[in-house]
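# Fold and contact review
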Protein chains: 2
Amino acid sequence: MKRSDRIGSIIHILSQNPNRVYSLNYFCDLFQAARSTVSEDLAAARDILAAMKSGQIETTAGAKGGIRYVPTISDEEARELLDDFCHRLQDGSRILAGGYLYTSDLMFDPNFVRGAGKIFAREFSSSGADYVVTLETKGIPVALMTANLLNLPLVVARRESKYSEGTTVSINYVAGSSGRIQKMSLAKRALKHGSTAIIIDDFMRAGGSVKGLRDMLKEFDVAVAGTGVVIASMLPEKKTVQDYFPLIYLGEVDENAKNIDISLNNEIFDKK
Amino acid sequence: MKRSDRIGSIIHILSQNPNRVYSLNYFCDLFQAARSTVSEDLAAARDILAAMKSGQIETTAGAKGGIRYVPTISDEEARELLDDFCHRLQDGSRILAGGYLYTSDLMFDPNFVRGAGKIFAREFSSSGADYVVTLETKGIPVALMTANLLNLPLVVARRESKYSEGTTVSINYVAGSSGRIQKMSLAKRALKHGSTAIIIDDFMRAGGSVKGLRDMLKEFDVAVAGTGVVIASMLPEKKTVQDYFPLIYLGEVDENAKNIDISLNNEIFDKK
């Protein structure tokens, strides 16, 4: 096997399996190559990914040690992704009765949620979370992509308690904007007590769902290490939760002028 | 830039963007390299991915032509994935009241659905589909991963018509096992008339949901090019749909003996 073949193979394997820990021996066996050779190949792969601003290959020592690829997204790529998203979101035909926006096509677009997942994974890469948690339905794709990049299990709270969930914990929460009482439920076996989670959702108005998820996690004795939402509405100004990380702020939606005010969360950029 | 750097970069970009068409010029500009050089690099990248049985780099001529990575999964990798899945599925503690199985952790496991998506993407890679369609909730992750690999939009039918979906089409369908009438709805703007879709879902008993989705697609004048389900129950023998592609067959679930009969769909293997 040639050097370029080994480097190409390493990059493919790591790109496909973000945050999974591989031993050096795994690659030695795969390539029938010496440790010194594989170490050099890994250094080359690390430089290539770093040059592309696509993430780092980290080496950790010890019994649980090994090599893992921690993906990221460059500021330029993030900006390009979100600019395109905003452009699509600002299409006046998205405005529905009551000033709601049709966003299903965007939230189910694999290319968008893959990129948004990279931004969340970058933001929460050192959160120490054990799970990514969301509430069904439209937040599932972006939460899954985030979980995939962080190599964490995804946990999805349901709006109704389904028989296929077994014993469930149900809580009531107030949908912040309407003030209506809603219910969410989660399988009792879904989360380990005493662990840590990040919450990812597609949209936040007053923060009712996120607050509900936080209350739910409290029932499981699970700490919240971060909250990411794709779109946060500017109104109401008073949210039921404080610390959250949005990608986009949604301002006024003018049904008559078919105008949709949007701005990027500039805190995304120039952090690293 | 060294040859191995260019090859590594090509593999990373293509691995991250399956089935997206790139022009040769894209890579020429990126690397500041001649077309002949990039062509050689692409040939090397193609050989590396082929040697790993991870898919093909296809070159198409013409105005819409270019280079794209068509991912696949080897029979060995598919078997390993499904053996592990079966092993986890056969855990007797998954058996719920009424003989149902708890599968949420598996269907929301990024590593599993990524692999299952590869098997479906391999099966349906030449289906000519424009969309991947599913019914919420537990089928969303595997459907998203399939859509991601095929570079197609995901469309999710909802159980209730939500205000955030705008004008919807709702249909009634019979949940095959219980005989109960259920409802599903889909935004009118979600699908283009006259297009083609594949259906992906997590579980099929009598086929009610899949039949419902097919009826829904008929309302949109959308042809069905294939149906994939992760688990198909052996019973009832008589399904409401005939042609479907399961990964796993679920046999008898014995609540007392805590025994779960499972077998792989052997048609997955040795097809290519």
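Residues numbered from 1 in each chain as written. Chains lettered and ligands numbered in written order. Predicted model: local features only at pLDDT ≥ 70, side-chain atom pairs only at ≥ 80, totals over all residues. Heavy atoms only, no water.

## As for the packing of helix α4 (residues 75-89) of chain B against helix α6 (residues 110-123) of chain B
All names here are of chain B. Close contact between α4 and α6 brings their axes to 10 Å; oriented N to C, the two are set at 135 degrees. In terms of orientation, α4 lies oblique with respect to α6. Classified by chirality, the crossing of α6 by α4 is left-handed. Contact residues: Asp75, Glu77, Ala78, Leu81, Leu82 and Phe85 in α4; Asn111, Phe112, Gly115, Ala116, Lys118, Ile119 and Arg122 in α6. Split by residue class, the contact of α4 with α6 holds seven nonpolar, two polar and four charged. (Axes fitted to C-alpha atoms, helices over the stretch in contact; angles between N-to-C directions. Helix = DSSP H or I, 4+ residues; strand = E, 2+ residues; numbered from the N terminus. Parallel < 35°, antiparallel > 145°, perpendicular 65-115°, else oblique. Left-handed = near helix turned anticlockwise from the far one by under 90°. Contact = heavy atoms within 4.5 Å. Nonpolar A, V, L, I, M, F, W, Y, C, P; charged D, E, K, R; others polar.)

## Remarks on the packing of aromatic side chains
All names here are of chain B. Applying the stated criterion across every chain, the model contains 18 aromatic pairs over all chains. Arranged with centres 4.9 Å apart and planes meeting at 50 degrees, the rings of Tyr22 and Tyr26 form a pair that is tilted. Overall, Tyr22 belongs to the buried group, its relative accessible area being 4%. Tyr26 sits in the partly exposed class, given a relative accessible area of 35%. Here Phe85 and Phe112 contribute two aromatic rings whose centre-to-centre distance is 4.1 Å and whose plane-to-plane angle is 15 degrees, an arrangement assigned as stacked. (Phe/Tyr/Trp six-rings, centres within 6.5 Å; stacked < 30°, edge-to-face > 60°. Buried < 20%, exposed > 50% of the residue type's maximum accessible area, 1.4 Å probe, protein only.)

## A closer look at the interface of chain A and chain B
Listed by partner, the interface residues are 57 residues for chain A and 57 residues for chain B. The tally of links between chain A and chain B comes to zero salt bridges. Summed over the shared surface of chain A and chain B, the result is 24 residue pairs in polar contact (both at pLDDT 80 or more). When contributions to the side of chain A that touches chain B are tallied by element, the ones reaching two or more residues are α1 (3-16), α3 (35-51), α6 (110-123), α7 (140-150) and β4 (154-157) of chain A. Looking at which element gives the most residues to the side of chain A that touches chain B, the answer is α1(A), with 11 residues. Looking at the side of chain A that touches chain B residue by residue, the classes come out as 27 nonpolar, 16 polar and 14 charged. (Salt bridge = Lys/Arg side-chain N within 4 Å of Asp/Glu carboxyl O. Polar contact = N/O pair within 3.5 Å; in protein donor to acceptor, adjacent residues only side chain to side chain.)

## Side note on the relation of the copies chain A and chain B
Superposing chain A onto chain B takes a rotation of 180 degrees plus a shift of 0.0 Å along the axis, which leaves an RMSD of 0.0 Å. Those values place the two copies in the arrangement expected of a two-fold rotation axis. (Least-squares fit on C-alpha atoms with pLDDT ≥ 70 in both.)

## Let's talk about the pattern of salt bridges
Enumeration according to the criterion identifies 24 salt bridges over all chains in this entry. Here Asp243(A) ties to Arg214(A) by a salt bridge, and the two come within 3.5 Å at their closest N and O atoms. Taken together, the residues span a long stretch of sequence, with Asp243(A) in the loop between β8 (223-233) and β9 (245-254) and Arg214(A) in helix α8 (residues 208-219) at a distance of 29 residues. Relative accessible area serves as the criterion here: at 17%, Arg214(A) is assigned to the buried category. The salt bridge partner of Asp75(B) is Arg122(B), with a shortest N-O separation of 3.0 Å. In this pair, Asp75(B) is assigned in helix α4 and Arg122(B) in helix α6, connecting sequence segments 47 residues apart. For Asp75(B), a relative accessible area of 13% gives the class buried.

## Observations concerning empty space enclosed by the protein
What the rule picks out here adds up to one cavity of 30 Å³ or more. Each pocket or cavity is described by its volume, and for the largest cavity that value is around 230 Å³. Around the largest cavity sit 16 residues that line it, and Ser15(A), Arg114(A), Asn148(A), Gln16(B) and Asn148(B) are the ones nearest its centre. Every element with two or more residues in the lining of the largest cavity is listed here: α1, α6 and α7 of chain A together with α1 (3-16), α6 and α7 (140-150) of chain B. Here the lining of the largest cavity is composed, by residue class, of six nonpolar, six polar and four charged. (1 Å grid on protein atoms, 1.4 Å probe; cavity = no way out; pocket = protein on both sides within 12 Å on 5 of 7 lines; lining within 4 Å. Points joined across faces, edges and corners; volume = space filled by probe spheres on them.)

## Looking at the sheet that holds strand β8 (residues 223-233) of chain B
Residue and element names in this part refer to chain B. Pairing within the open sheet is mixed, and its six strands lie in the order β4-β3-β7-β8-β9-β10. Whereas interior strands pair on both sides, the edge strands pair on one side only; in this sheet they are β4 (154-157) and β10 (259-264). Between one strand and the next, the sheet's axes are offset by a mean angle of 25 degrees, whatever the strand orientation. By the bridge criterion, four bridges tie strand β3 (residues 131-135) to β4 in an arrangement that is parallel. Bridging across to β4, Val133 finds its partner in Val155. Contacting β7 (196-204), β8 and β9 (245-254), α6 crosses the sheet at an angle of about 125 degrees to β9. (Pairing = 2+ DSSP bridges.)

## Quick notes on the packing of α1(A) against α1(B)
It is at 9 Å that the axes of α1(A) and α1(B) come closest, and there the two elements cross at 25 degrees. Comparing their axes, α1(B) and α1(A) come out roughly parallel. As for the relative orientation of α1(A) and α1(B), their crossing is right-handed in sense. In this structure, α1(A) contributes Ser4(A), Ile7(A), Gly8(A), Ile11(A), His12(A), Ser15(A) and Gln16(A) to the contact, and α1(B) contributes Ser4(B), Ile7(B), Gly8(B), Ile11(B), His12(B), Ser15(B) and Gln16(B).

## Here we look at the environment of Asn25(B)
All names here are of chain B. With respect to the element layout, Asn25 can be found in helix α2 (residues 24-31). Residue Asn25 is classed as partly exposed on the basis of its relative accessible area of 39%. Residues Asn25 and Val38, 13 residues apart in the sequence, show an inter-C-alpha distance of 8.9 Å.

## Side note on the side chain of Thr137(A)
Relative to the elements of secondary structure, Thr137(A) occurs in the loop between β3 (131-135) and α7. Here the side chain of Thr137(A) touches Glu136(B) through a polar contact of 2.4 Å, side chain to side chain. Setting aside residues no more than four positions away along its own chain, Thr137(A) makes contact with Phe108(A), Glu136(B), Ile140(B), Val156(B) and Arg158(B).

## Brief notes about unusual backbone geometry
The omega torsion across Leu235(A) and Pro236(A) is -5 degrees, close enough to zero to call that bond cis. Within the secondary structure layout, Pro236(A) lies in the loop between β8 and β9. Of note, the amide linkage connecting Glu136(B) to Thr137(B) takes the cis form, showing an omega dihedral of 15 degrees. Its identity as a non-glycine residue notwithstanding, Gln32(B) has a phi of 50 degrees, on the positive side. By the element assignment, Gln32(B) lies in the loop between α2 and α3 (35-51). For Gln32(B), a relative accessible area of 72% translates into the label exposed. The residue Asp221(B) is not glycine, and still its phi comes out positive at about 60 degrees.

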